[in-house]
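An overview of the molecular structure
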Amino acid sequence: HVIGEDKPMVLTVTNFKGGAAKTITSACLAVCFAQAGRKVLAIDLDPQANLSQYFRVVDPTFKEPTITDVMLTLTPNGRRKTLDEVIKKTAYENISIVPSSITFQNADIKMSAEGGGIDTRLQHAIEDLKDHYDYVIIDCPPNLGLTVSNAIVALDAGRTESMAIIPVCVDGFGILGLDQTVDTIKTIIEDRRTFPHSWKILMTKVERNTEAYVEGCKTIAQIADESQVFQTQISKATAVASSTLKMESVITYKPSSKPSKEYKELAKEIEALRG
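Rules and cut-offs
Residues numbered from 1 in each chain as written. Predicted model: local features only at pLDDT ≥ 70, side-chain atom pairs only at ≥ 80, totals over all residues. Heavy atoms only, no water. Pairing = 2+ DSSP bridges. Helix = DSSP H or I, 4+ residues; strand = E, 2+ residues; numbered from the N terminus. Contact = heavy atoms within 4.5 Å. Axes fitted to C-alpha atoms, helices over the stretch in contact; angles between N-to-C directions. Core = buried A, V, L, I, M, F, W, Y, C linked by side-chain atoms within 4.5 Å. Buried < 20%, exposed > 50% of the residue type's maximum accessible area, 1.4 Å probe, protein only. 1 Å grid on protein atoms, 1.4 Å probe; cavity = no way out; pocket = protein on both sides within 12 Å on 5 of 7 lines; lining within 4 Å. Points joined across faces, edges and corners; volume = space filled by probe spheres on them. Nonpolar A, V, L, I, M, F, W, Y, C, P; charged D, E, K, R; others polar. Lys, Arg positive; Asp, Glu negative; His and termini not counted. Salt bridge = Lys/Arg side-chain N within 4 Å of Asp/Glu carboxyl O. Polar contact = N/O pair within 3.5 Å; in protein donor to acceptor, adjacent residues only side chain to side chain. Arc of directions from axis to C-beta. Phe/Tyr/Trp six-rings, centres within 6.5 Å; stacked < 30°, edge-to-face > 60°. Parallel < 35°, antiparallel > 145°, perpendicular 65-115°, else oblique.

A few words now on the sheet that holds strand E1 (residues 9-13). Strand pairing in a sheet relies on backbone hydrogen bonds. The paired strands run either parallel or antiparallel. Across the sheet, which stays open at both edges, the seven strands sit in the order E3-E4-E2-E5-E1-E6-E7 with mixed pairing between neighbours. Either end of the sheet is taken by a strand with one partner, and the two such strands are strand E3 (88-89) and strand E7 (198-204). Pairing analysis gives four bridges linking strand E2 (residues 40-44) to strand E4 (residues 95-98), with the strands arranged parallel. Its bridge partner being in E4, Ile-43 is matched across the sheet by Val-98. Packed on one face of the sheet, helix H1 (residues 22-35) meets E1, E2, E4, strand E5 (135-139), strand E6 (163-169) and E7 and runs near 165 degrees to E5.

Within soluble globular proteins, side chains that are nonpolar generally end up buried alongside one another. The biggest cluster of nonpolar side chains holds 49 residues, and the ones touching the most others in it are Ile-43, Ile-67, Ile-126 and Ile-138. Beyond its immediate stretch of four places on either side in the chain, Ile-126 contacts Pro-8, Ile-43, Leu-83, Val-136, Ile-138, Ala-154 and Ala-157. Counting residues in each nonpolar core, the second largest holds 37 residues, with Ile-24, Cys-32, Ala-42 and Leu-51 among its members.

On to the layout of surface pockets. What the largest pocket holds in volume is close to 250 Å³. Forming the boundary of the largest pocket are 16 residues, of which Gly-19, Ala-21, Lys-22, Thr-23 and Asn-50 lie nearest the centre. Going through the elements one at a time, H1 and helix H2 (50-54) are the ones with two or more residues in the lining of the largest pocket. Sort the elements by how many residues they give to the lining of the largest pocket and H1 lands first, with three residues. Grouping the amino acids of the lining of the largest pocket by side-chain chemistry returns seven nonpolar, six polar and three charged.

Our focus in this paragraph is the side chain of Lys-200. As for its position among the elements, Lys-200 is in strand E7. No salt bridge is formed by the buried Lys-200. Its closest oppositely charged neighbour is Glu-269, at 4.8 Å. Within the structure, the side chain of Lys-200 is placed 2.8 Å from the backbone oxygen of Ser-227, a separation counted as a polar contact. Here Lys-200 is in contact with Met-163, Ala-164, Ile-165, Ile-166, Ser-227, Gln-228, Val-229, Phe-230 and Leu-273, once residues within four sequence places are set aside.

The subject of this paragraph is helix H9 (residues 238-245). Within H9, the full set of buried residues consists of Ala-239, Val-240 and Ser-243. All buried residues of H9 lie within an arc of 100 degrees about the axis, which places them on one face of the element. For H9, exposure combined with an orientation more than 90 degrees from the buried face picks out Thr-238 and Leu-245. Those residues of H9 hidden inside the fold are in contact with H1, helix H10 (250-253) and helix H11 (258-273).

Another point: the pairing of E7. In terms of residue burial, E7 counts as a mostly covered element, since six of its seven residues are buried. Relative to E7, E6 runs parallel, the two sharing seven bridges. Opposite Ile-166, over in E7, you have Ile-201 as the bridge partner.

Enumeration over the complete set of coordinates arrives at two aromatic pairs. Both rings, one in Phe-33 and one in Tyr-135, keep their centres 3.7 Å apart while their planes meet at 5 degrees; by these two values the pair is stacked. You can see Phe-33 sitting in helix H1 and its partner Tyr-135 sitting in strand E5, a full 102 residues away along the chain. Here the two residues Phe-33 and Tyr-135 agree in accessibility, since each one is buried. Geometrically, the ring pair formed by Phe-55 and Tyr-92 is edge-to-face, given 5.4 Å between the ring centres and 90 degrees between the ring planes. Of this pair, Phe-55 sits in the loop between H2 and helix H3 (67-71) while Tyr-92 is found in the loop between E3 and E4, placing the two residues 37 residues apart along the sequence.

Okay, the packing of H1 against H11 next. One can describe the packing of H1 onto H11 by two numbers: an axis separation of 9 Å at closest approach and a directional angle of 70 degrees. Judged by the inter-axis angle, H1 sits roughly perpendicular to H11. Contact residues: H1 offers Ile-24, Thr-25, Cys-28, Leu-29, Cys-32, Phe-33 and Gln-35, while H11 offers Tyr-263, Lys-264, Leu-266, Ala-267, Ile-270 and Glu-271. Grouping the constituent residues of the contact of H1 with H11 by class yields nine nonpolar, two polar and two charged.

The subject of this paragraph is the pattern of salt bridges. Applying the stated criterion to the full structure yields ten salt bridges. Across the salt bridge formed by Lys-236 and Glu-207, the nearest N and O atoms sit 3.8 Å from each other. With Lys-236 in the loop between helix H8 (211-223) and H9 and Glu-207 in the loop between E7 and H8, this pair connects stretches of sequence that are 29 residues apart. Given a relative accessible area of 52%, Lys-236 falls into the exposed group. Judged by relative accessible area, Glu-207 falls into the partly exposed class, the value being 42%. The closest approach of N and O atoms between Lys-218 and Glu-215, which form a salt bridge, is 3.4 Å. Residue Lys-218 and its partner Glu-215 are located together in helix H8, separated by three residues, close to a single helical turn.

Functional significance is not addressed by these values, which are geometric in nature.
Okay, structure coming up:
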């Protein structure tokens, strides 16, 4: 097992709401860290497999192993695969990915039925990685089920600075459900009683001079203190929407765009938190 400073910093990107830019954030951070020479493993936990599409590792035949093989026992008395057996290289230097697919649908129900250490599967899988990674970035589906519990418990497999990142679209609707996401994370972390993991809110799709932004900031201030909100905010910009259509991170699609520069700042802010 990898111990101490050799452990990766695990970043679980989660929000109970869809449309908060979770996958965009996961993809952009992976690219920023990789460009800075860090070795990154991205884990796609969403059956929609958007992150897998970003990194061009979707298997239309569903023959290739995915996160489903790691998290679920697919045959009676079968063994689950290790992450090493499922990892795919991407076209980006320094980025590997554990892909997802539609086969991971209803994973929460299937895991519940299997029983036995069902919320530590991802944690143990990360602890068993043979290769060294500086960062493990986990992109979660928009719910608060067992899959997401696994992603939060998986912080235990990482360095002390590992954290949950909660992207929040500051437009009124995006704020709804934020307290629920935060409460779930807090409950899971308190139940584990291991070292104190942090969570931080990332404001996305920001339009600074709007009423929604002002109100959103007030709501966030009631839920989190300043240390639990990233200083970097990600602006709303057409470049992000265009890059999503192309299924490419905005960092490489339009390096000069505002969100691209902001995600680079965010990566630096996270790097600075490493002990």
